[in-house]
Amino acid sequence: MAPLKILLCGDVLGRLNQLFKRVSSVNKAAGPFDALLCVGQFFPDSVEGIEEFNGYIEGRSKILIPTYFIGDYGAGSPKILSEALKDPSNKGFKMEGLRVCDNLYWLKGSGKFSLHGLSVAYLSGRRTPSGTQFGTYSQDDVDALRALAEDPGTVDIFLTYPLWPSGVTNGTTSKAPVEISDSSGSDPTVSELVTEIKPRYHVAGTAGVYFDREPYANVDALHATRFLGLAPVGNKDKQKFIHAISPTPASTMSKTELSAKPSNTTLCPYTNVDKAAPPDGATKRPGDSTSESQYWRYDVSKKKQKHGDGGGDRLCFKFASCGSCPRGNQCQFRHDEEASEQYSRGVCFDFLNKGKCEKGPDCNFKHSLQEEGDRSASGAASSNRSRECWFCLSSPNVESHLITSVGEYYYCALAKGPLTPDHVLIMPIEHTPNTLSLPLGCEKELEQLQSSLKAYFKKQGKEAVFFEFVFKRGSHANLQVVPIPSSRASAVRDIFNLAADKLGFKLTMVKEGRQALRTQFDRSCSLFYVEVPGGDIFSHVIEENEKFPAQFGREVLAGLLNIADRADWRNCKVGKEEETKMVERFKNGFQEYDPNQ
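What counts and how
- Residue numbering note: each chain is counted from 1, following its sequence as written.
- Per-residue local features are limited, in this predicted model, to residues with pLDDT of at least 70; the limit for side-chain atom pairs, both in listing and counting, is 80 or more; totals at the level of whole chains, interfaces and linings are taken over all residues.
- Note that the side-chain values use all heavy atoms of the structure and ignore hydrogens as well as water.
- Only protein chains enter the area calculation, which uses a 1.4 Å probe; residues under 20% of their type maximum are buried, those over 50% are exposed, and those in between are partly exposed.
- For helices the rule is a DSSP run of H or I covering at least 4 residues; for strands it is a run of E covering at least 2, with both sets numbered from the N terminus onward.
- Contacts between residues were defined by any pair of non-hydrogen atoms, one from each residue, lying within 4.5 Å.
- The term salt bridge refers to a pairing of a side-chain nitrogen on Lys or Arg with a carboxyl oxygen on Asp or Glu at a separation within 4 Å.
- Remark: nonpolar core denotes a set of buried residues (Ala, Val, Leu, Ile, Met, Phe, Trp, Tyr, Cys) joined through side-chain atoms within 4.5 Å.
- Note: two strands are recorded as paired if DSSP finds a minimum of 2 bridges between them.

- Named according to an unreviewed UniProt entry, the protein chain is C3H1-type domain-containing protein originating from Solanum pinnatisectum.

Okay, structure coming up:
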């Protein structure tokens, strides 16, 4: 088998003619190359460059080799990327790139995927307090990468945009470019992530210069990391903007091969990095200093800690969320059973880890420690949960203007950021993590609600699809109801099974329906189930360390309805005034079917 050949490129800035002229030249001299990975701003700086760029998007000019980019920012990007999100081929849960046109793939947000056997991770965008759809990354993207870092296996290539990691020049023996000597032009979040992910290659752009740092040794890892900063395409100083590598996938290498280090390898430059303020006005991440009393929610000096060889004080996300970590004692983050218990009660991971959360009102988790929530307790814990939960009717946080109907055990509300205008949530009035473990009397009311919704949608020429993600450490249950045109009803079963196959699991038909599902449900496991038109139910029990997309049901239906851009509810949020109008329209139509009227 021929060795892999990968091209790396800095900020393209829409100069695709110049880029692919260079790629063609390199390909003839040293190719063929398997892929091109672009970091830094990919789109033009101004509208003057859009025509050249659109020539490739519209197929008038050809992209020579599979090209992946993370710099989703610049002139024309919102229109082009919004169209890409509508492409049916981009539906569902995809980390390996969303197709923009032939041979061009957009790596959105963060993720990790396999490219010809190479493990490639990425973080795309600037850090901002609020975040936008394009050109920024969120705390969710960072947390996802932290979770991926806990998985076994070595990441071969890590792509970041736009800022370089703080401290990358520490300990270097070569002359660092003066343009990157100012720490204000770097990102401490990237420094933290790269020390956790420990890639073999770390590639960044946007600093305007080329910098090939000596390899550096990683803490608690066999291999070294090589950092490459690449200049923009067509830069006036003629600094290097394209670089070729021929890496062997780490998954195929022996420990001896992986641990071999060049003679010029330095110590890790991020060991003592000061925590600078994040760029673009983002909230400052707390430092590692124990003098910052608000950083740690737990007093680590006074309680016995369980952690790996790294001895780090930060919590392991995998252990907190799952109760176990595949790396065991080799994990460098803290395995705290009390934190895991708090997370299981719906407490925000950032609050547990840092003492505060940067997501503000967008966070659906609790920001206070929770007492044991059984019914024999004093009732204070239940009261606290209700006050913090976004879905408890007694909570000040509940968005009451979305509520359409209230019964004895359940209430209905329109979804916030709905997939369709009549996207409904059925939720227990009591604070409970799923609808399957409630008493039989509650079940009868739920069945009546489902029948009423089916009849209501039937009159509109639609069928109802019901699905629930039962997370064993979840907070407040919600059974989602999405209406689809009756003409698409027969396709629902097939598209769910196809999506499951693509993600590597099987959906099992529950022969006796919801009654059997309730009997078979094991509260110690997470579960996804969907009721398709006709009444058949399909389910999947989620294994302890299985990566299951929490928005699986919504993503599949977004694909079925050809509205892939609405798969993420955050893309669909509207103002309170519009939400109120939607609720009134729904209530007026549903009134004659509503069993609670």
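## Quick notes on helix α13 (residues 513–520)
Step number 1: Three or more residues of α13 are buried, namely Gly513, Arg514, Ala516, Leu517 and Arg518.
Step number 2: Those residues of α13 hidden inside the fold are in contact with α11 (440–459), β25 (508–510), β26 (526–531) and β27 (537–542).

## Describing the pattern of salt bridges
Step number 1: Under the criterion given, the structure shown has 17 salt bridges.
Step number 2: We note a salt bridge from Arg514 to Glu443, for which the minimum N-O separation is 2.4 Å. With a gap of 71 residues between them, Arg514 in helix α13 and Glu443 in helix α11 connect regions that are remote in the sequence.
Step number 3: A salt bridge links Glu577 to Lys581; its shortest N-O distance comes to 3.9 Å. On the criterion of helical spacing, the pair formed by Glu577 and Lys581 is a turn pair, its members being four residues apart in helix α15 (residues 576–590).
Step number 4: A residue is classified by how much of its surface remains accessible, and Glu577, at 60% relative accessible area, is exposed.
Step number 5: Salt bridges linked by common partners bring Asp87, Arg99 and Asp102 together as one network.

## Regarding the nonpolar core
Step number 1: Within the largest apolar cluster, 38 residues are counted, with the highest numbers of intra-cluster contacts made by Ile426, Leu453, Val481, Tyr529 and Phe586.
Step number 2: Of all the secondary structure elements, the ones that give two or more residues to this core are β21 (410–414), β22 (424–428), α11, β23 (462–470), β24 (479–485), α13, β26 and α15.
Step number 3: In this structure Phe586 touches Thr404, Leu414, Asp422, Val424, Leu453, Tyr456 and Phe457, once residues within four positions along its chain are discounted.
Step number 4: Formed by 32 residues, the second largest nonpolar core is a distinct cluster that contains Leu19, Val26, Leu104 and Trp106.

## Some words on the pairing of β22
Moving residue by residue along a regular strand, the side chains alternate between the two faces of the sheet.
Step number 1: The element β22 is extensively covered by neighbouring structure, given that five of its five residues are classed as buried.
Step number 2: Side chains Val424, Ile426 and Pro428 of β22 all project onto a buried face; the interleaved residues Leu425 and Met427 project onto the opposite face, where all are buried too.
Step number 3: In terms of strand pairing, β21 meets β22 through five bridges, oriented antiparallel. Bridge pairing in β22 places Ala413 opposite Leu425.
Step number 4: Both β22 and β24 contribute to a ladder of three bridges, which runs antiparallel. Bridge pairing in β24 links Val424 to Val481.

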